[in-house]
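The lines below spell out each chain.
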Amino acid sequence: MAEVEATRDGSVLTITLNRPEKLNAFTRTLHEELHAALEAARDPGVRAVVVTGAGRGFSAGQDLGAFSEGGDVASMLRATYHVNVMAIRSLEKPVIAAVNGVCAGAGLSLACACDIRLASDAAFFVPGFVGIGLVPDSGGTYFLQRLLGTPRAFEWMTSNRRLTAAEAHAWGLVSDVLEADSFSAGVAERAAALAAGPTRAIALTKRLYDEAGTSTLEEQLEREAEAQAEAAQTDDFREGVAAFGEKREARFSGS
Ligand code: T3D
């Protein structure tokens, strides 16, 4: 059975981490299959991506049975987690982490690398790393610092405290909490809405927010001007303006 499954529904690609008996903990194979699925997500017909987990877990992070103790940990991280985190960030379309359940360690980092996090009310979040004497990796310091601020991120990641979905929402770690029973349907609705949006403008917005963290105001104003010049050349911009004038819903094509 594949450790990652990718399914297409219209212009939404859903990538499911699929080792439910181990809470979708990462193995080499899972990394490789996730990478292949993220490559497939580059297809122009895909306009929104969902990453989720099978069973009661999103992901419990590194498979501790396949742990690289004594091995070259840094090289392993570079060759696996880094590649997939960068693939998500460079993907020119929105990526939703649909956190269906347990989310720990590098699984938490992966969720934070996504553009939007939606949580099931059955989900919970555990730092994990400190529990086994490690530091947050796979972007865990980068993304959590930006999402939560340094004091809260540091306190949480060094406490190993289990956070409920409601607490994660109150902290701003997830955008919304949906009922477990209707979680898949709720995620599908959000993903379809994003996929029906002006895909190029959404991609440019993603890039602008990534750059904003390290830009000066002057640099960022210039980047916005350049991105807007690009967005203004799209069919979706023409359609958006026409739809406004005709008092109807815009029908964006993603071009
Ligand atoms: O060198 C390197 O690899 C560096 C890279 C590091 C990246 C990291 O992600 S480090 C952090 C690794 N993750 C963890 O430390 C979390 C370990 N898991 C847990 O603490 C707990 O399982 C959870 C808090 C996530 C969930 O607890 P609970 O009670 O809901 O479930 P459980 O009963 O502990 O787990 C269910 C099964 O999944 C169980 O298997 P079993 O006994 O039924 O056969 C458990 O062993 C398995 N499982 C859970 N997490 C992992 C795992 N198996 C392998 N690796 C795991 N990470």
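Calculation notes
- Residues numbered from 1 in each chain as written.
- Predicted model: local features only at pLDDT ≥ 70, side-chain atom pairs only at ≥ 80, totals over all residues.
- Heavy atoms only, no water.
- Phe/Tyr/Trp six-rings, centres within 6.5 Å; stacked < 30°, edge-to-face > 60°.
- Helix = DSSP H or I, 4+ residues; strand = E, 2+ residues; numbered from the N terminus.
- Buried < 20%, exposed > 50% of the residue type's maximum accessible area, 1.4 Å probe, protein only.
- Contact = heavy atoms within 4.5 Å.
- Axes fitted to C-alpha atoms, helices over the stretch in contact; angles between N-to-C directions.
- Parallel < 35°, antiparallel > 145°, perpendicular 65-115°, else oblique.
- Left-handed = near helix turned anticlockwise from the far one by under 90°.
- Nonpolar A, V, L, I, M, F, W, Y, C, P; charged D, E, K, R; others polar.

For the structure shown, the criterion picks out three aromatic pairs. Pairing Phe26 with Tyr81 gives two aromatic rings, centres 5.1 Å apart and planes at 70°, and the pair type is edge-to-face. One end of the pair, Phe26, is in the loop between strand 2 (12-17) and helix 1 (28-40); the other, Tyr81, is in helix 3 (residues 81-90), and 55 residues separate them in sequence. Ring geometry for Trp156 and Trp171: centres 5.7 Å apart, planes at 90°, overall edge-to-face. Placement of the pair is Trp156 in helix 6 (residues 150-159) and Trp171 in helix 7 (residues 165-171), with a sequence separation of 15 residues. By the burial criterion, Trp156 is buried, and Trp171 matches it.

Turning to helix 3, a few remarks are in order. Along helix 3, the residues classified as buried are Tyr81, Asn84, Val85, Ala87, Ile88 and Arg89. Next to the buried residues of helix 3 lie helix 1, helix 2 (73-79), strand 5 (95-99), helix 4 (106-113), helix 5 (140-148) and helix 9 (199-212).

This next bit is on the packing of helix 1 against helix 3. With their axes 10 Å apart at the nearest point, helix 1 and helix 3 run at an angle of 20° to one another. With respect to each other, helix 1 and helix 3 are oriented roughly parallel. As helix 1 packs across helix 3, the resulting crossing turns out to be left-handed. Touching His31, Leu34, His35 and Leu38 of helix 1 are Tyr81, Val83, Asn84, Ala87 and Ile88, all from helix 3. Tallied by class, the residues present in the contact of helix 1 with helix 3 amount to six nonpolar, three polar and no charged.

As a further point, take the packing of helix 4 against helix 5. Packing of helix 4 against helix 5 leaves a shortest axis separation of 9 Å and a crossing angle of 55°. Here helix 4 lies oblique to helix 5, going by the angle between them. Taken as a pair, helix 4 and helix 5 cross one another with a handedness that is left-handed. Contacts from Leu108, Ser109, Cys112 and Ala113 of helix 4 reach helix 5 at Gly140, Phe143, Leu144 and Leu147. Partitioning the contact of helix 4 with helix 5 into residue classes produces six nonpolar, two polar and no charged.

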